Amino acid sequence: MKRKRYEMEKKKTELQTAIEELSLFIVTKPADDTQATHIPLRPLLSFCNLIIQVLDKIGPTMAVLRQDIDQNIQRLEKVCETDSCVYSNLVEILKKEKEEGTSKMVASCSRALFWLTRTMDFTCGLLRLLSKEMSSKMEELVEECYMTTLKPHHGWITSAAFKVCLKLVPDNKTFMDAIGARDESYDTLREDIDTLSSLLTPILKEIYFVLEQYGLSRLRSM
């Protein structure tokens, strides 16, 4: 029985595991203005770890982005460990740093959340483009998605580095096989992407709304 269960788990793709994670994600809206919106931190960080696995399939192009994600996850985990009851809600972390006047500092958790949110937006957008335009070159899809989600917040140094790495993007089939199409039909992969997008989009909307409330929607890198 254990072996059969292990084999079933082993067959799951990163996308299918991500769908399971997001299916359990619940944002709690307050009944009045005396309480903060509750956006659970731990499930969000688990999903971001899965994004790292998806970006690994793209190859060296995403190395810098991958490193940033990992560092941002660790930064938020560290704060959460100081008081897991309070900081299990990511909004409480934003509230704390705003009160301290540290939210826009380079190493702040607020900035870490901003970049994780942008990265989730980039990943979801790339998968949607891939699902709709499978005949387009992977390099073109990555660049198109980058231009709308990450580039507006990147300085010229980061943007220049991205253009260099873009030449290392794999072809469509290689990437799609890596994220699950090798063992599934492309129709099944499309269904997984659509399901993931439908689950993630409203979550991102809530996080962007909270970031806007705390004046964190226009941060930039170098």
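Residues numbered from 1 in each chain as written. Predicted model: local features only at pLDDT ≥ 70, side-chain atom pairs only at ≥ 80, totals over all residues. Heavy atoms only, no water.

### Description of a negative patch on the surface
Moving on, step 1. The grouping of Glu 139, Glu 140, Glu 143 and Glu 144 at the surface amounts to a negative patch.
Moving on, step 2. By the secondary structure assignment, Glu 143 is in helix α7 (residues 138-149). (Patch = residues over 30% accessible without salt bridge, like charges linked within 9 Å, V, L, I, M, F, W, Y side chains within 5 Å. Areas by Shrake-Rupley, 256 points an atom, 1.4 Å probe, with all protein chains shown as cover. Salt bridge = Lys/Arg side-chain N within 4 Å of Asp/Glu carboxyl O. Lys, Arg positive; Asp, Glu negative; His and termini not counted. Charge placed at Lys NZ, Arg CZ, Asp CG, Glu CD. Helix = DSSP H or I, 4+ residues; strand = E, 2+ residues; numbered from the N terminus.)

### Thoughts on the confidence of the model for the protein
Any segment with low pLDDT has predicted coordinates that should not be analysed in fine detail.
Moving on, step 1. Per-residue confidence for the protein gives a mean pLDDT of 84; residues scoring 70 or more make up 90%.
Moving on, step 2. Looking at the elements of the protein, mean pLDDT is at its lowest for helix α1 (residues 2-10), recorded as 47, and at its highest for helix α5 (residues 90-100), recorded as 95.
Moving on, step 3. Contacts for the low-pLDDT stretch residues 1-8, under 50 throughout, to residues beyond four places or in other chains number zero contacts. (pLDDT = per-residue confidence, 0-100. Contact = heavy atoms within 4.5 Å.)

### Some details on the nonpolar core
Moving on, step 1. Ile 69, Met 120, Phe 122 and Val 142 are the most contacted members of the largest nonpolar core, which has 67 residues in total.
Moving on, step 2. Within the residue set of this core, elements represented by two or more residues are α2 (14-23), α3 (41-58), α4 (63-82), α5, α6 (109-132), α7, α9 (172-181) and α10 (186-213).
Moving on, step 3. Looking at this core, the element that brings in the most residues is α6, giving 13 residues.
Moving on, step 4. In contact with Val 142, other than residues within four places in its own chain, are Met 62, Phe 122, Leu 126, Phe 162, Leu 166 and Val 169. (Core = buried A, V, L, I, M, F, W, Y, C linked by side-chain atoms within 4.5 Å. Buried < 20%, exposed > 50% of the residue type's maximum accessible area, 1.4 Å probe, protein only.)

### Notes on the packing of α6 against α10
Moving on, step 1. The N-to-C vectors of α6 and α10 enclose an angle of 150°; their axes lie 10 Å apart at closest approach. Accordingly, the angle class assigned to the pair α6 and α10 is roughly antiparallel. In terms of crossing hand, the pair formed by α6 and α10 is left-handed. In contact with Leu 113, Phe 114, Thr 117, Arg 118, Met 120, Asp 121, Cys 124, Leu 127, Arg 128 and Ser 131 of α6, α10 contributes Arg 190, Ile 193, Asp 194, Leu 196, Ser 197, Leu 200, Thr 201, Leu 204, Ile 207, Tyr 208 and Leu 211.
Moving on, step 2. Here the contact of α6 with α10 is composed, by residue class, of 12 nonpolar, four polar and five charged. (Axes fitted to C-alpha atoms, helices over the stretch in contact; angles between N-to-C directions. Parallel < 35°, antiparallel > 145°, perpendicular 65-115°, else oblique. Left-handed = near helix turned anticlockwise from the far one by under 90°. Nonpolar A, V, L, I, M, F, W, Y, C, P; charged D, E, K, R; others polar.)

### Digging into empty space enclosed by the protein
Moving on, step 1. Applying the stated criterion across every chain yields a total of two cavities of 30 Å³ or more.
Moving on, step 2. If you add up the space inside the largest cavity, you get close to 70 Å³.
Moving on, step 3. What lines the largest cavity is a set of 13 residues, among which Phe 47, Ile 51, Val 54, Thr 123 and Leu 196 lie closest to the centre.
Moving on, step 4. Mapped by element, the contributors of at least two residues to the lining of the largest cavity are α2, α3, α6 and α10.
Moving on, step 5. Partitioning the lining of the largest cavity into residue classes produces 11 nonpolar, one polar and one charged.
Moving on, step 6. Reported here for the second largest cavity is a volume of approximately 30 Å³.
Moving on, step 7. In terms of lining, the second largest cavity is formed by Glu 143, Tyr 146, Met 147, Lys 151, Ser 159, Phe 162 and Lys 163.
Moving on, step 8. Mapped by element, the contributors of at least two residues to the lining of the second largest cavity are α7 and α8 (156-165).
Moving on, step 9. In terms of residue class, the lining of the second largest cavity is built from three nonpolar, one polar and three charged. (1 Å grid on protein atoms, 1.4 Å probe; cavity = no way out; pocket = protein on both sides within 12 Å on 5 of 7 lines; lining within 4 Å. Points joined across faces, edges and corners; volume = space filled by probe spheres on them.)

### A short note on α10
Moving on, step 1. Taking 1.5 Å of rise per residue, the 28 residues of α10 would be expected to cover 40 Å, and the 40 Å separating its terminal C-alpha atoms lies within 8% of that figure.
Moving on, step 2. At Leu 200, α10 is bent by approximately 25°, the largest bend along its length, and proline Pro 202 sits one to four residues beyond.
Moving on, step 3. Every buried residue belonging to α10 is among Leu 189, Asp 192, Ile 193, Leu 196, Ser 197, Leu 200, Ile 203, Leu 204, Ile 207, Val 210 and Leu 211, and all of these are buried.
Moving on, step 4. Trailing α10 by a residue or two, Gly 215 shows a phi angle of about 70°, which is positive. (Expected span 1.5 Å × (residues − 1). Bend = angle between axes of the 7 residues up to and from the residue.)

### Some points on the layout of surface pockets
Moving on, step 1. Roughly 610 Å³ of internal volume is contained in the largest pocket.
Moving on, step 2. Lining the largest pocket are 23 residues, and of these Asp 68, Trp 115, His 154, Thr 158 and Ser 221 lie nearest its centre.
Moving on, step 3. Looking at the lining of the largest pocket, the elements that each hand over two or more residues are α4, α6 and α8.
Moving on, step 4. Looking at the lining of the largest pocket, the element that brings in the most residues is α4, giving seven residues.
Moving on, step 5. In terms of residue class, the lining of the largest pocket is made up of 12 nonpolar, seven polar and four charged.

### Quick notes on the environment of Ile 52
Moving on, step 1. Note on placement: Ile 52 falls in helix α3.
Moving on, step 2. Ignoring anything within four residues of it in the chain, the contact list for Ile 52 reads Arg 66, Ile 69, Asp 70 and Ile 73.

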